[in-house]
Amino acid sequence: MSTAVQPLDVTAIRKDFPLVSRVLNGKPVIYLDSAVSGQMPLPVIERMSKYERDEHTNVHRGVSTLSQQATDYFEAAREKVRRFIGAASIREIVWTRGTTEAINLVAQTFGRMMVKEGDEILLSGMEHHANIVPWQMLAEEKGATIKVIPMTDDGELILESLDELITDRTKLLGVVHVSNVLGTVNPVKEIIARAHARGVPVLVDGAQAVPHLQVDVKDLDADFYVFSGHKLSGPTGIGVLYGKLAHLEAMPPWQGGGSMIRSVTWEKTTYVAAPGKFEAGTPPIAAAIGLGKAIDYLTALGLDRIAAHEHDLLVYATERLTRIPGLRILGTAKQKASVISFVVEGIHPHDMGSLLDGEGVVVRAGHHCAQPVMARFNVPATTRASFAYFNTREEVDVLVSAVEKAIELFK
Amino acid sequence: MSDPRELYQQVILEHNKKPRNFGKLEACTHHAEGHNPLCGDQLELTLVVEDGLVQDIRFQGSGCAIDMASASLMTGAVKGKPVAEAEAMAEQFRGMVRGDLEPGSETPLLGKLTLFSGVKNLPSRVKCAVLPWATLHAALKGEAEASTE
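Residues numbered from 1 in each chain as written. Chains lettered and ligands numbered in written order. Predicted model: local features only at pLDDT ≥ 70, side-chain atom pairs only at ≥ 80, totals over all residues.

J.: Could you give me a rundown of the overall build of chain A, with the residues and numbers involved?
T.: Counting its secondary structure elements, chain A contains 14 helices and 17 strands. A globule of 411 residues ought to have a C-alpha radius of gyration of about 22 Å, and chain A, at 22 Å, matches this closely. Taken along its principal axes, the extent of the C-alpha atoms in chain A is 75 × 55 × 40 Å. For chain A, the residues scored as buried account for 50% of the 411 residues in total. Of the contacts made within chain A by residues no fewer than 6 positions apart, 70% connect residues no fewer than 24 positions apart. (Helix = DSSP H or I, 4+ residues; strand = E, 2+ residues; numbered from the N terminus. Rg over C-alpha atoms; globule rule 2.2 N^0.38 Å. Buried ≥ 20, exposed ≤ 12 C-beta atoms within 10 Å, placed from the backbone. Contact = placed C-beta atoms within 7 Å.)

Here it is, written out as C-alpha cells:
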C-alpha cells in the first residue's frame, strides 16, 4: 500500500456505527462479519428513515410533486452506482434484490437465449452457490454442462487451464471477483480478456469486491457485473446488475408486470427499454436511496484509504493467527481482500464459532454457501473473520485471544 | 444466551475427543444416516435390536463437539435398554434441549445426559445435539435417513 494515503480516523468513523459500541451477553461486540453483511453507517440509516418519514410514495407514477421527488432520488442513486463502478450509461444499471437475483436474471434471460443443448458454461472453482446453482438449473433445462476452473492449494485460479477449458461450446464464463471464503482477488481483467479472445462473455460476481476495491467495469470490460447493497454499507433487499447495453437490449424481459411495459392491450404488450424492462413492479425505493447514500459515504472516506486500512488489518491478523499452533488459514493467495478463513486441529468450526460468540466476537462459522470450496480443501466448514474499515487492531487482538482460549479449553 | 463455555464441560469435551461405541456394526438389524445440512454434520448409526432390547449400537461420522459427544453419550445410555425406553429418552432429550418441556416436568430417564440442557441457551446448536437422537428415532422406525433441516 502507498504510504501517501492519509490514514482513516477510525475513532470518528466508529461513532457512525452504534452496533460496534454495544455490549452483548456482557461483552463488547467485536463485529468481524462484514463479509456476511456490512453494517450501515448512521447517515445511511437516517437517509432511508427520512425518505420513509417525509418523502415516501411510489416512483415513476403520476404527476404529484412527491412522486417526482421520489423518482429523482431513486434515479440519482442509479447515477451514483453508475459513477461508482465506471459504467458508461445509467441504462446499464439494473436494480435487483441482490447479487443472487441479478445472477438468476442473467441466467434466465441472457443464459436461456445463448445456451443450447450440448453447450458449456465455465465457472471458477471458488464460486458462491449464487453463481453455481442458477447455472446448474439452466444447464439442466437446456442439456448443457458445467465446467470448472481449478485452483491451487493457495486458492489461486489456475489460469493455464483456460486454454483447454474454453471450447467452441463455451457460452458463458462466470467468475467471482473476490472469494467470500478465501479472500482471493481474482485477476478478472485478464480472465475476461482471455475469454473475449475466444468470443465468450463473462459475468463477474462482485459482491465481495465492491466493498474493498475500486471497480471499473469499462476497464475490466465485464459483460455483466453484479453486487449487493448490504455488503457495501447499504441495506438488504437491493442489488445491482450491470450489463453492457448491447446485451441488455438484446435480452428478453424477465419478470412481467407494472413499470416494465410501454403499452398493454389484450392482443399485444410492448416493453420499455433497459433497464426498465427488467424492473417489474414497485422497486425497493428506500433501499436504493440508502445504497446511493452508502456510496456517498464510502466515496467521502476514500476507497484507497479504506483499502489501506483493511489491508493493514489483514496483514496484522494473518501474522498473529499464523503464529497459533494447529491453526491453518485457508486462502493464501498473493492478492487478498480482508477475509480470513481458518480451521483449528481438533476443534470443529461450529464449536469455535460458539466460543468466539461467547467472547463477543462475531464471525461466520460454516460452509459460507460455498460447499465446493469446502470439498476442494477437504474441510466440512471453516471459521471466517472479515474486516471492515471500522475495525481496529485491538479488535483483532480480542479475536486472537478468544481463539487461544478456545484452543486451551479443547486441550 | 449464556456463556457457551458452560456447555463445553469436561465430560462433553472428553467424549468428543474419545467417543464411545464409535464404528459400525456389520451385522446390524437397524441402520440410519443423519445429516445436518446447515452444519454438514453427518452420522451413521447401526444397531442390533433383539427381543425388544437395544443389544448393541455404534455410530460413526463427523461433526462438532456437541454432536459427537451427544452421539457418544447417547449410545452408552440406550445400550441394553428396551426400545420403548430408548424412544422415551429421545423424546425427553429433544424436549430438554429445545426448551419446550412443561415447566416443572422431569427428565428421569436422562441421567447425565442433562449435561446437554445448556444447549437450549444456544439455539443455533440445538440441531447438533439432537441429530444423534433424530437418527436413532429414524433407525428404530425403520427409516434410512434423518435430517435436522
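J.: Describe the packing of helix 3 (residues 83–98) of chain B against helix 4 (residues 126–141) of chain B, with residues and values.
T.: Residue and element names in this part refer to chain B. One can describe the packing of helix 3 onto helix 4 by two numbers: an axis separation of 10 Å at closest approach and a directional angle of 155 degrees. With respect to their mutual orientation, helix 3 and helix 4 come out roughly antiparallel. The handedness of the crossing between helix 3 and helix 4 is left-handed. Of helix 4, the residues touching helix 3 (which contributes Val-83, Ala-86, Glu-87, Ala-90, Phe-93, Arg-94, Val-97 and Arg-98) are Val-126, Ala-129, Val-130, Trp-133, Leu-136, His-137 and Leu-140. Taken together, the residues of the contact of helix 3 with helix 4 break down into eleven nonpolar, one polar and three charged. (Axes fitted to C-alpha atoms, helices over the stretch in contact; angles between N-to-C directions. Parallel < 35°, antiparallel > 145°, perpendicular 65-115°, else oblique. Left-handed = near helix turned anticlockwise from the far one by under 90°. Nonpolar A, V, L, I, M, F, W, Y, C, P; charged D, E, K, R; others polar.)

J.: A description of the interface of chain B and chain A should follow, citing residues and the corresponding values.
T.: Listed by partner, the interface residues are 15 residues for chain B and 14 residues for chain A. Classifying every residue of the side of chain B that touches chain A gives nine nonpolar, three polar and three charged.

J.: Give a description of the sheet that holds strand 16 (residues 364–366) of chain A that names residues and reports values.
T.: All names here are of chain A. Strands sit in the order 13-14-17-16 across an open sheet of four strands; the sheet is antiparallel. This sheet does not close on itself; its edge strands, each paired only once, are strand 13 (327–330) and strand 16. If you compare each strand with its neighbour and ignore which way they point, the axes differ by 30 degrees on average. As paired elements, strand 13 and strand 14 (residues 339–344) share four bridges and run antiparallel to each other. What sits directly across from Leu-327, in strand 14, is Val-344. (Pairing = 2+ DSSP bridges.)

J.: Mind laying out the environment of Pro-28 of chain A, listing which residues take part and the relevant values?
T.: Tracing the backbone through its elements, the reader meets Pro-28 of chain A in strand 2 (residues 27–28). In this structure, the C-alpha to C-alpha distance between Pro-28 of chain A and Glu-395 of chain A, residues 367 residues apart in sequence, is 10.0 Å.

J.: Describe the pairing of strand 8 (residues 202–205) of chain A, with residues and values.
T.: Within a regular beta strand, the side chains point alternately toward one face of the sheet and then the other, so they alternate between its two faces. Residues and elements named next belong to chain A. Alternating residues of strand 8 divide into Val-202 and Val-204 and Leu-203 and Asp-205, and every residue in both groups is buried. Across four bridges, strand 7 (residues 170–176) lies against strand 8 in parallel orientation. The residue bridging Leu-173 from the neighbouring strand is Val-202, located in strand 8. In this region the chain leaves strand 7, passes through helix 7 (residues 188–197) and returns to the parallel neighbour strand 8; the handedness of that crossover is right-handed. Examined bridge by bridge, strand 8 and strand 9 (residues 224–228) share three bridges and lie parallel to one another. Each residue of the ladder has a partner; that of Val-204, found in strand 9, is Tyr-225. (Right-handed = clockwise from strand over helix to strand, strands pointing away.)

J.: Let's hear about the sheet that holds strand 1 (residues 30–36) of chain B: which residues, and what values?
T.: Residues and elements named next belong to chain B. Across the sheet, four strands lie side by side as 3-2-1-4; this open sheet has mixed pairing. Unpaired on one side and paired on the other, strand 3 (53–62) and strand 4 (145–147) mark the two borders of the sheet. Between one strand and the next, the sheet's axes are offset by a mean angle of 20 degrees, whatever the strand orientation. As paired elements, strand 1 and strand 4 share three bridges and run parallel to each other. When the bridges of strand 4 are listed, Glu-33 appears paired with Glu-145.

J.: Please set out the pairing of strand 14 of chain A residue by residue, giving values where relevant.
T.: Counting buried residues along strand 14 of chain A, six of its six residues qualify, which places the element largely inside the surrounding structure. Burial of strand 14 of chain A is two-sided: the residues Val-339, Ser-341 and Val-343 of chain A facing one way and the residues Ile-340, Phe-342 and Val-344 of chain A facing the other way are all buried.

J.: Give me the environment of Val-81 of chain A: which residues, what numbers.
T.: Residue and element names in this part refer to chain A. Its place among the elements puts Val-81 in helix 3 (residues 65–85). Spatially, the C-alpha atom of Val-81 lies 6.8 Å from that of Gly-292, the residues being 211 residues apart in sequence. With sequence-adjacent residues up to four places away left out, Val-81 is seen in contact with Ile-93, Val-240 and Ile-295.

J.: Could you give me a rundown of the domain arrangement of chain A, with the residues and numbers involved?
T.: All names here are of chain A. As far as domains go, chain A holds domain 1 (10–31 + 302–410) and domain 2 (46–299). When each unit is reduced to the centre of its C-alpha atoms, the spacing between domain 1 and domain 2 is 28 Å. Counting from both sides, the interface comprises 23 residues of domain 1 and, opposite them, 22 residues of domain 2. Mapped by element, the contributors of at least two residues to the side of domain 1 that touches domain 2 are helix 11 (303–322), strand 14, helix 13 (371–376) and strand 17 (382–386). Counting residues per element, the side of domain 1 that touches domain 2 draws most heavily on helix 11, at four residues. In terms of residue class, the side of domain 1 that touches domain 2 is made up of twelve nonpolar, seven polar and four charged. (Domains from an automatic or database assignment.)

J.: I'd like to hear about the packing of helix 12 (residues 349–358) of chain A against helix 14 (residues 393–410) of chain A, residue by residue, with values.
T.: Residues and elements named next belong to chain A. One can describe the packing of helix 12 onto helix 14 by two numbers: an axis separation of 9 Å at closest approach and a directional angle of 120 degrees. In terms of axis orientation, helix 12 runs oblique to helix 14. Our pair here, helix 12 against helix 14, has a crossing hand that is right-handed. Together, Met-352, Leu-355 and Leu-356 of helix 12 and Ala-402, Ala-406 and Leu-409 of helix 14 make up the contact between the two elements. For the contact of helix 12 with helix 14, the residue count by class is six nonpolar, no polar and no charged.

J.: If you had to explain helix 4 of chain B to someone new, which residues and values would you point to?
T.: Helical geometry: 3.6 residues make up each α-helical turn, so side chains three or four residues apart lie on a common side. With 16 residues, helix 4 of chain B should cover 22 Å at 1.5 Å per step; its first-to-last C-alpha distance of 22 Å lies within 8% of that length. The element helix 4 of chain B is extensively covered by neighbouring structure, given that 13 of its 16 residues are classed as buried. (Expected span 1.5 Å × (residues − 1).)

J.: Please set out unusual backbone geometry residue by residue, giving values where relevant.
T.: Residues and elements named next belong to chain A. Note that the residue after Ala-274, namely Pro-275, is joined by a cis bond; omega there is 5 degrees. Within the secondary structure, Pro-275 sits in the loop between strand 12 (269–271) and helix 10 (285–301). Positive phi, normally seen in glycine, also occurs at Asn-25, with a value near 50 degrees. Mapped onto the elements of the fold, Asn-25 is located in the loop between strand 1 (23–24) and strand 2.

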